[in-house]
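Structure assessment
Each chain is listed here by its residues.
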Amino acid sequence: MVLRHSLPPANALVVFEAAARLLNFTAAGRELNVAQPAVTRQIRKLEEDLQLALFIRRNNAVFLTDEGQALYATVSRSLGEIADHADV
């Protein structure tokens, strides 16, 4: 299996992690030093690639779907482990 062809782009996962943790696309953009529309685009593309709704959007609020919560748990843990190994 070629991981590059089966994984979403790493940047999209980093953006998703921030947006899911903060439950706010604007705050995620601030944290990542990108504009909120860039966060929205990354999340929308990730949802299209995975063919899953990751967030429920209501007015100016976002909430994780069940699928989004499951993905967040995996992505958060995995990125944390990568960060731990990179911090050696």
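Summary of the structure given here. Residue positions within a chain follow its written sequence, with the count starting from 1. For a predicted model such as this one, the threshold for reporting local features is a pLDDT of at least 70, and the threshold for listing and counting side-chain atom pairs is 80 or more; totals across whole chains, interfaces and linings nevertheless cover every residue. Note that water and hydrogens are dropped before the side-chain values are worked out from all heavy atoms of the structure.

**Describing the overall build of the chain**
Helices and strands together make up the secondary structure of the chain, namely five helices and two strands. Numbering goes from the N terminus for both helices and strands, where a helix is a DSSP run of H or I of at least four residues and a strand is a run of E of at least two. Going from N to C terminus, the chain has its helices and strands arranged as α-α-α-α-β-β-α. As defined in this context, the radius of gyration uses C-alpha atoms, and a globule is described by 2.2 Å times the residue total to the power 0.38. Against the compact-globule benchmark of 12 Å for 88 residues, the chain has a radius of gyration of 13 Å, which places it among compact chains. When accessible area is computed with a 1.4 Å probe and restricted to protein chains, residues below 20% of their type maximum are described as buried, those above 50% as exposed, and intermediate ones as partly exposed. Expressed as a percentage of its 88 residues, the buried residues of the chain come to 28%. Only heavy atoms matter for contacts: two residues are in contact if any of them lie within 4.5 Å across the pair. Across the chain, the fraction of contacts at a sequence separation of at least 24, relative to all contacts at a separation of at least 6, is 48%. Approximately 6,100 Å² of the chain is accessible, and the part contributed by carbon and sulfur atoms is 54%. If you average the places of the 9 positive and of the 10 negative side-chain charges in the chain, the two averages end up 8 Å apart. Methods summary: accessible areas were calculated by the Shrake-Rupley approach with a probe of 1.4 Å, and residue burial reflects only the protein chains presented. His residues and chain termini do not enter the charge count, which takes Lys and Arg as positive and Asp and Glu as negative. For the purpose of locating charges, the reference atoms are NZ of Lys, CZ of Arg, CG of Asp and CD of Glu.

**With respect to the pairing of strand S1 (residues 55-58)**
Within a regular strand, side chains alternate between the sheet's two faces. A pair of strands is considered paired only if DSSP assigns at least 2 bridges between the two. Pairing geometry for S1 and strand S2 (residues 61-64), over four bridges, is antiparallel. The partner of phenylalanine 55 across the bridge, within S2, is leucine 64. The hairpin formed by S1 and S2 contains two residues between the paired strands, and asparagine 59 there has a positive phi angle of roughly 50°.

**Notes on the environment of arginine 30**
Counting through the fold element by element, arginine 30 comes out in helix H3 (residues 25-32). As a C-alpha pair, arginine 30 and alanine 18 span twelve residues in sequence and 10.0 Å in three-dimensional space.

**Details of the layout of surface pockets**
Rolled over the atoms, a probe as big as a water molecule pinpoints where empty space is left. In this model, the second largest pocket occupies a volume close to 200 Å³. Grid points spaced at 1 Å over the protein atoms alone were grouped into cavities, where a 1.4 Å probe fits but cannot get out, and pockets, open sets with protein on both sides within 12 Å along at least five of seven lines, with lining residues defined by an atom within 4 Å of a point. Lining the second largest pocket are Leu23, Asn24, Phe25, Thr26, Gln36, Thr40, Arg57, Asn59, Asn60, Ala61 and Val62. When contributions to the lining of the second largest pocket are tallied by element, the ones reaching two or more residues are H3, helix H4 (36-50) and S2. The residue inventory of the lining of the second largest pocket, partitioned by class, reads four nonpolar, six polar and one charged. Grid points are joined across faces, edges and corners, and a volume is the space filled by probe spheres set on the points. Asp, Glu, Lys and Arg are counted as charged, while Ala, Val, Leu, Ile, Met, Phe, Trp, Tyr, Cys and Pro are counted as nonpolar; the rest, among them Gly, fall into the polar class.

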